[in-house]
Amino acid sequence: MLNPLSDAITSTLQVQVMPWETGFAGFVNKGYNGVPVMNATYRCEFWMRGEYSDVITLQLVGISSDIVYAAHNMTVNSTSRSFTRYETTFNSTASPDGDNEFRLLFDGSKVPGMKLNFGLIQLFPPTYHSRANGLREDLTAVLEDMKPSFLRFPGGNNLEGLQTDTRWAWNRTIGPVVDRPGRESDWFYPNTDALGLDEYLWWCQDMGMEPVLAVWDGKSFGGILTGSDLQPYVDDILDELEYLLGPPNSTYGGMRASNGREDPWSVRYIEIGNEDDFSGGCNTYPDRFQQIYNAISEKYPQLTIVASTIDGRCLPEALPGIIYDYHYYRRPDELAAMFDEWDNQPRSQPVMCSCSEAVHMIGLERNSDVVKMAAYTPLLQHFGFTQWSPTLYGFDSGPDSITLSTSYYVQKMFSTNRGTTILPVKTTAEFGPLYWVASRANSTYYVKLANYGEEKQTVHVQVPDTRSGRLEMLSGPRDASNRPHNITVQPSVQKVTNQRGSYKFDMAAWAVAVLAVS
């Protein structure tokens, strides 16, 4: 390969300067339907090769308006012998829209008729917790506001791969990005794997989330490996766990330390595979699960193992201490009908679920002794490049584009109003269309309610020894939703007081409410 940047990144951008060039030459990147330009400090890095010792100009410019929001000059001393890495920061003013591009320019009159090569050009706005190679601060702050408890990563289909060699391979996602080859994603676009194993774990640490690491179990969309064919990948899982949990003087623990993390990561949950009751994995999952379970449990008995399905036909005989990850995709009426799904679940079998919508989550919370975790997926979408909708929230390149779904608000209401003890409720009413659950944390009492019906409901709640608090409620027309750049449905919060601890309020059709009093 001509002019590879590294063994991993074998393609670079070559700019041919015309012999008669007397002005600036270079290239532009228009991002995904534009580049977000904020009133912020940007960090840029790139690699360069070719004979050029002069000024490079970096710009953020409106595509239609040609307004220059940022212009930064830096001096480079590039040679044709090898690539040199350059890094700089610069300030920008904000663009009123997302119709912007990034430009890298150089003085073409200094290199007429010559070629310059550029590789791994990266531009970062402010990142979450100022992490290098980090997450966009504005997008991540929205998730942080929800106070999530855990992160299951590296995703589901993203783990599996279209083929075995395009699976998520942990050791190709660590270390400098220049040494990460990337791969074709399951959705037929390039995945750089710049968001890698360590980046996921820094994200968990910074946001106070429990990591739930999924490991590849032999199933890709191109086929399934079992038995002796699977064993090398089982060994690879053990290497990954040593990277995460091993001391810095171990082989892979030392690799982790060299990548900037001296102490072992705090990882307690390992999920084996993804949705092995789907896409042809059921028949072989019992043997594959057992093979991986035995290897992990023998070396790391302190870890909790998560099965990727709850379907008994796809599972081995009962094993101690397993959590089951139940994925289901349901229409609204079907999901609400699953309100009591866990009421009669045997208490000797813990279960992990992902779910959405308030009625169903009330049912989960009522059974929180067996339902250990619940998650909403998918998380994010770029409005111009959507393959799955709805998601929890979306965005595009424009300013203030982050749009929170009604499901986001429900998840946030439940997540930020957590009791530590589920309480019995004395009532003559029956569930449906109104559903509820009560809990307590110290001196604060929480009552979560959902009105899954067409009629308004008047609610009377008596909480002894309380006098005041707040009522948070999300309501709107049955078919209302938050569209890109247009949030029309969001919660309202009002103070409530009563010296006798008696609270009365109306819930509109399809409303979700949380009463928090003390």
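Note that the structure is a prediction, hence the values are computed from the model and not measured.

**Points about unusual backbone geometry**
A cis geometry characterises the amide bond from Phe153 onward to Pro154, with omega recorded as 10°. Assignment of secondary structure puts Pro154 in the loop between strand S9 (150-153) and helix H2 (157-160). The omega angle of the peptide bond from Gly432 to Pro433 is 0°, so this bond is cis rather than trans. Inspection of the secondary structure assignment puts Pro433 in the loop between strand S22 (421-423) and strand S23 (434-441). Its identity as a non-glycine residue notwithstanding, His129 has a phi of 55°, on the positive side. Positionally, His129 belongs in the loop between strand S8 (115-124) and helix H1 (137-145).

**A short note on helix H6 (residues 285-299)**
Given 3.6 residues per helical turn, the α-helix brings residues three or four places apart onto the same face. For H6, with 15 residues, the first-to-last C-alpha span of 21 Å sits near the 21 Å given by 1.5 Å per residue. Looking only at H6, the buried set comprises Tyr285, Pro286, Arg288, Phe289, Gln291, Ile292, Tyr293, Ala295 and Ile296. Looking at the buried side of H6, the elements it contacts are strand S13 (219-220), strand S14 (223-224), helix H4 (227-245), strand S15 (269-272) and strand S16 (304-307).

**Some words on the domain arrangement of the chain**
Domain boundaries assigned for the chain yield domain 1 (13-124), domain 2 (133-416) and domain 3 (421-517). In this structure, domain 1 and domain 3 have C-alpha centres spaced 54 Å apart.

**As for empty space enclosed by the protein**
By rolling a water-sized probe across the atoms, one finds the places where empty space is left. All told, the structure shown has 1 cavity of 30 Å³ or more when counted by the stated rule. Its volume calculated, the largest cavity comes out at about 90 Å³. If you trace the largest cavity, you find it lined by Leu159, Arg167, Trp168, Ala169, Trp170, Ala214, Val215, Trp216, Tyr233, Asp236, Ile237 and Glu240. With 4 residues, H4 is the single largest residue contributor to the lining of the largest cavity.

**Let's talk about helix H9 (residues 406-415)**
When you tally the buried positions in H9, you get 8 out of 10 residues, the bulk of the element. Among all positions of H9, only Ser407, Tyr408, Tyr409, Val410, Gln411, Met413, Phe414 and Ser415 are buried.

**A look at the state of the cysteines**
Under the definition given, this model contains 1 disulfide. The disulfide that involves Cys282 links it to Cys314, with 2.0 Å between the sulfurs. Its S-S torsion of approximately -100° makes the covalent link between Cys282 and Cys314 left-handed. Of the two residues, Cys282 sits in the loop between S15 and H6 while Cys314 sits in the loop between S16 and strand S17 (323-326), which places them 32 residues apart along the sequence. Here Cys282 and Cys314 have matching classes, each one buried.

What counts and how
- Counting of residues starts from 1 at the beginning of each chain's written sequence and follows it residue by residue.
- Residues qualify for local features only when their pLDDT is at least 70, as the model is predicted, and side-chain atom pairs are given and counted only at 80 or more; totals for whole chains, interfaces and linings, by contrast, use all residues.
- Side-chain figures throughout are based on the complete set of non-hydrogen atoms in the structure, without hydrogens or water.
- Strands here mean DSSP runs of E at least two residues long; helices mean DSSP runs of H or I at least four residues long; both are numbered from the N terminus.
- Each helix should span, by expectation, one fewer than its residue count multiplied by 1.5 Å.
- Whether a residue is buried, partly exposed or exposed follows from its accessible area with a 1.4 Å probe, protein chains only, as a fraction of its type maximum: under 20%, in between, or over 50%, in that order.
- Throughout, a contact is declared for two residues whenever any of their heavy atoms are within 4.5 Å.
- As used throughout, domain bounds are those supplied by an automatic or database domain assignment.
- Only protein atoms enter the 1 Å grid used here, on which a cavity is any set of points holding a 1.4 Å probe that cannot leave and a pocket is any open set flanked by protein within 12 Å on both sides along at least five of seven lines; residues with an atom within 4 Å of a point are listed as lining.
- Grid points are joined across faces, edges and corners, and a volume is the space filled by probe spheres set on the points.
- Criterion for a disulfide: a pair of cysteine sulfur atoms at a distance within 2.5 Å.

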